[in-house]
Amino acid sequence: MSFATALRCRKCGQEYPLQPVNLCEFCLSPLDVSYDYKAIAKVLTREKIAAGPRDLWRYQDLLPVSSGVVDIGAGFTPLVKAERLGKELGLEQLYIKNDCLNPTYSFKDRPVSTAITKAKEFGFDTVACASTGNLAASVAALAARTNMKAYVFVPSNVEPGKLVGIAIYNPTLVTVNGSYDDVNRLCARLAEKYKWGFININLRPYYAEGNKTLGFEVAEQLGWRAPDCAITTAGSGLHFTRIWKGLEELSMLGLIGPVNTRMYVTQAAGSSPIVNAFQAGSQHVHPVEPNTIAKSIAIGNPADGYYALRIVRQSGGDACAVPDEEAIAGMKLLAQTEGIFTEAAGGVVIGGLKRLAASGTIKKNELTVAYITGAGPRTQDTVADIVRPFTVQPTLESFEEVLGMPV
Ligand SMILES: *Cc1c(COP(=O)(O)O)cnc(C)c1O
Ligand SMILES: [Zn+2]
């Protein structure tokens, strides 16, 4: 039983039944899932959530799925107090939401869990997606779990470690000679022709909803409150907008107080259309040609850029572009202070946070949550220069000589 009632156009409000569609027939704007919040408020309590499973399904009442969820244990990742990193950055109440610790090593397992569950409900036997890398791994893994066929499309320049992390689940893996934006255009054409569940096209409203759990969990883990500041990165901008929606929903249901969270978005300087629009004071996100090592977020034409921009402004937040060198420094800093090895997208978040803390935009006593969206071990090339071992013979003398130990 689900409390989702309809799909609703974000712009004109036109409603549609809960079907695999993502755009309004009248104004071509995105469709969002709407819920019967009155009915949810009657059954949902903090205690009920706390007694639920230790994964994203503890929030099932706020997700658009009925029973029979496809479960690989996504979500409910640790929120850790980052004392050492906080000290480096001059922030006394800094927390890291460590979404490296999902089954396929990125937060994408959350939205794909809701989308694949929905695909199964709709009776699809095949799912597909356009991906920068992590989404494909997640779709392939969840499809394997529920015995669906998967066609996953990635740019051919995706990191080799990511390809292995996709292929292991045995989807039909297609590498496309072009950028992510080209992959996305190809998939939009395929979606018109093939009756598949395209996770981030015709299933996008359901895919989007899984991301709200990033907001829910942080509020619960902070003892049922919203943070003062939340910072993450944007490729399409989607999960950024859903962190906000998740916090707003909890507040509307009376599970937390009013949300005064300032929302901060970071992008790689080589692919920062949302940051550009924010800094130009513009409402329009103009597409760019991405050029960055942070390939998960190398999206030149972000589908939810406009909405992400609105939330940055509405919440009193800010937008920050981070050069690749600073993202790499951010990866190293996070690993060397908190023991968390993120991929470059997480390095962008730390690089951006460093800038925002240094400028006093985020203040030292503000409760700040930094989302680390994906793990580093599959993209080791970006930081390979870190490897400078001492090579010794297997003798005490050799060890002490090579390392210059005092004798
Ligand atoms: C997909 C991805 C992003 C970008 O998320 P959006 O919701 O598209 O903005 C960021 N980080 C990682 C690790 C990702 O895999
Ligand atoms: Zn409409």
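Worth saying up front: this structure is predicted, and the values here are computed from it rather than measured.

What counts, and where the lines are drawn
- Residues numbered from 1 in each chain as written.
- Chains lettered and ligands numbered in written order.
- Predicted model: local features only at pLDDT ≥ 70, side-chain atom pairs only at ≥ 80, totals over all residues.
- Heavy atoms only, no water.
- Domains from an automatic or database assignment.
- Contact = heavy atoms within 4.5 Å.
- Buried area = accessible area lost by both parts, 1.4 Å probe.
- Salt bridge = Lys/Arg side-chain N within 4 Å of Asp/Glu carboxyl O.
- Helix = DSSP H or I, 4+ residues; strand = E, 2+ residues; numbered from the N terminus.
- Nonpolar A, V, L, I, M, F, W, Y, C, P; charged D, E, K, R; others polar.
- Polar contact = N/O pair within 3.5 Å; in protein donor to acceptor, adjacent residues only side chain to side chain.
- Near = heavy atom within 4 Å.

Undergrad: Please clarify how the domain arrangement of the chain should be interpreted in this entry.
TA: Where interface size is given, it is often the accessible area lost as the parts come together that is meant. In terms of domain boundaries, the chain breaks down into domain 1 (4–67 + 108–207) and domain 2 (79–105 + 211–386). The C-alpha centroid of domain 2 is placed 22 Å from the C-alpha centroid of domain 1. Facing 36 residues of domain 1, the contacting portion of domain 2 comprises 38 residues. Of the roughly 3300 Å² buried where domain 1 meets domain 2, counting both sides, 50% is carbon and sulfur surface. Where domain 1 meets domain 2, there are 7 salt bridges. A salt bridge links D304 to R10; the shortest N-O distance between them is 3.0 Å. For the side of domain 1 that touches domain 2, the secondary-structure elements that each account for two or more residues are strand 3 (31–35), helix 1 (37–43), helix 2 (46–50), helix 4 (109–122), helix 5 (134–145), helix 6 (160–167), helix 7 (180–193) and helix 8 (204–210). Take the side of domain 1 that touches domain 2: its biggest share by element is 4 residues, from helix 5. The residue makeup of the side of domain 1 that touches domain 2, split by class, is 19 nonpolar, 7 polar and 10 charged.

Undergrad: How should I be thinking about the side chain of T77 in this particular structure?
TA: Turning to its location among the elements, T77 is positioned in the loop between helix 2 and strand 4 (79–81). Among the polar contacts made by the side chain of T77, one reaches the side chain of D99 at a distance of 2.6 Å. When sequence neighbours within four positions are dropped, the list of residues in contact with T77 reads K97, N98, D99, L101, N102, R110, E217 and Q221.

Undergrad: Where do I start with the site of ligand 1 in this structure?
TA: Not every one of the 16 residues close to ligand 1 is listed here, only the nearest: K108, N134, G235, S236 and T373. Measuring from an oxygen atom of ligand 1, one finds a side-chain N or O atom of N134 at 2.7 Å. Take G237: an N or O atom from its main chain is 2.9 Å from an oxygen atom of ligand 1. Residues belonging to the shell around ligand 1 are distributed by class as follows: 5 nonpolar, 9 polar and 2 charged.

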